[in-house]
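Single-letter residue listing:
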Amino acid sequence: TTPPEMSTVAQSIRCVAPVETLLGEGPLWDPRIGKLLFLDIKGRKIIAFDPQTERTEIRAAPGTVSALGLRASGGYVCAHKDGFAFLELTEDSVRLTPAAAAEGDKPENRFNDGKVDPFGGFWAGTMDERETNANAGSWWRLGRDGRATKIDEGFHVTNGPAFDPLRERVYFTDSARQTVFVARPTEKGFESKKTFLQFGVGDGYPDGMDVDTEGHIWIAFWDGSVVRRFSPAGVLAEEVMVPAPRPTSIALVGDRAYVTSARIGLSEEARQLSPAAGGLFEITLARSLGTAESYYAG
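Residues numbered from 1 in each chain as written. Predicted model: local features only at pLDDT ≥ 70, side-chain atom pairs only at ≥ 80, totals over all residues. Heavy atoms only, no water.

Helices and strands together make up the secondary structure of the protein, namely 1 helix and 25 strands. The C-alpha radius of gyration of the protein comes to 17 Å, within 12% of the 19 Å expected for a compact globule of 298 residues. Seen through its C-alpha atoms, the protein measures out along the principal axes to roughly 50 × 45 × 40 Å. Here the protein holds 298 residues, and the buried ones make up 55% of them. Of the contacts made within the protein by residues no fewer than 6 positions apart, 49% connect residues no fewer than 24 positions apart. Total accessible area on the protein is roughly 12700 Å²; 47% of this is exposed by carbon and sulfur atoms. Side chains of the protein carry 33 positive and 41 negative charges; the gap between the two charge centres is 3 Å. (Helix = DSSP H or I, 4+ residues; strand = E, 2+ residues; numbered from the N terminus. Rg over C-alpha atoms; globule rule 2.2 N^0.38 Å. Buried < 20%, exposed > 50% of the residue type's maximum accessible area, 1.4 Å probe, protein only. Contact = heavy atoms within 4.5 Å. Areas by Shrake-Rupley, 256 points an atom, 1.4 Å probe, with all protein chains shown as cover. Lys, Arg positive; Asp, Glu negative; His and termini not counted. Charge placed at Lys NZ, Arg CZ, Asp CG, Glu CD.)

Quick look at the structure:
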């Protein structure tokens, strides 16, 4: 049920890039170029969306790139199948330079979601590619010294994280277990981890997320066709229905919110009912909630 204090921040939603990604993920606003970057993990693509022209540019990714972050020295830090790397995009090339290997002893695993933290490190989570091993996933952090450190383990499907520096919080998710955790981020990882939200049957699976300037956390729900906004106390403040069954992540940019989605695993009937599935959606907000500060790795 909708609580009486439910706000009306979201005004409208539309598909602005019908790119039909298999597994759209990792929306990242790059203020240096004024574009939103996102990924098709399974389709091995890097996509750039220009809000001014509403044009998209699609590049072939060098392997399974699953998460991107801004890099202080230029270009991007990323997570890919085997660990961390640095990524450079030019007009005519995509270059990947390995930075730190991780989980070489788990060939069945791949990296999934990730983000730069307020200390200049880059978080990324792993998971069993087949999703059959419920405890195979871990969270890793690439430090400013170039070393990769495991900071947590025992996850089924890692997603997030989302950082709220004003409240000294980081949120991260085990999507398969429908659990969102909160902890205090540190320069080495985090401490004081506890369950922030627990979902159940019919809620969908909490996936990628972002924190707005008011400290509310926005979460995309796989198999939920919805994005939900929660207060710092965990109270549901808003629901935005997404015209796609599998929204995967969200990035807040000023008075807009961008939601990625996936087509993978959908039946033919579901695809016909949701032709925009796999596209990028833009939510128009009543006020600017996107953080003006961008975090840079390194």
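Back to the text.
Attention now moves to the packing of aromatic side chains. Throughout the structure, instances matching the rule amount to 16 aromatic pairs. Here the aromatic rings of Phe155 and Phe172 are separated by 6.2 Å at their centres, their planes lie at 45 degrees, and the arrangement is tilted. Of the two residues, Phe155 sits in strand E13 (residues 148-155) while Phe172 sits in strand E15 (residues 169-174), which places them 17 residues apart along the sequence. When sorted by exposure, Phe155 lands in the same class as Phe172, which is buried. Here the guanidinium or amino end of Arg71 rests over the ring plane of Phe86, the centre of that ring lying 3.5 Å away. Taking the ring centre of Phe181 as reference, the NZ or CZ of Lys193 above it sits at 4.5 Å. (Phe/Tyr/Trp six-rings, centres within 6.5 Å; stacked < 30°, edge-to-face > 60°. Lys NZ or Arg CZ within 6 Å of the ring centre and 35° of its normal.)

As for its placement among the helices and strands, Gly26 is situated in strand E2 (residues 24-30). Once the C-alpha coordinates of Gly26 and Leu68 are considered, the two residues, 42 residues apart in sequence, prove to be 6.6 Å apart. For Gly26, the residues in contact, after removing those within four places along its chain, are Leu37, Phe38 and Ser249.

You can see Pro118 is positioned in the loop between strand E10 (109-116) and strand E11 (122-128). Sequence separation of Pro118 and Met209 is 91 residues, and the distance between their C-alpha atoms is 16 Å. Apart from the residues lying within four places of it in its own chain, the contact partners of Pro118 are Phe163, Pro165 and Tyr295.

Glycine aside, residues mostly have negative phi, and peptide bonds are mostly found in the trans state. Geometrically, the link from Gly160 to Pro161 is a cis peptide bond, its omega value of -5 degrees lying close to zero. Phi at Glu54 is positive, roughly 60 degrees, even though this residue is not glycine. If you trace the backbone, Glu54 turns up in the loop between strand E4 (45-50) and strand E5 (55-60). Within the chain, Ser192 stands out as a residue other than glycine whose phi angle is a positive 60 degrees. Structurally, Ser192 is set in strand E17 (residues 189-198).

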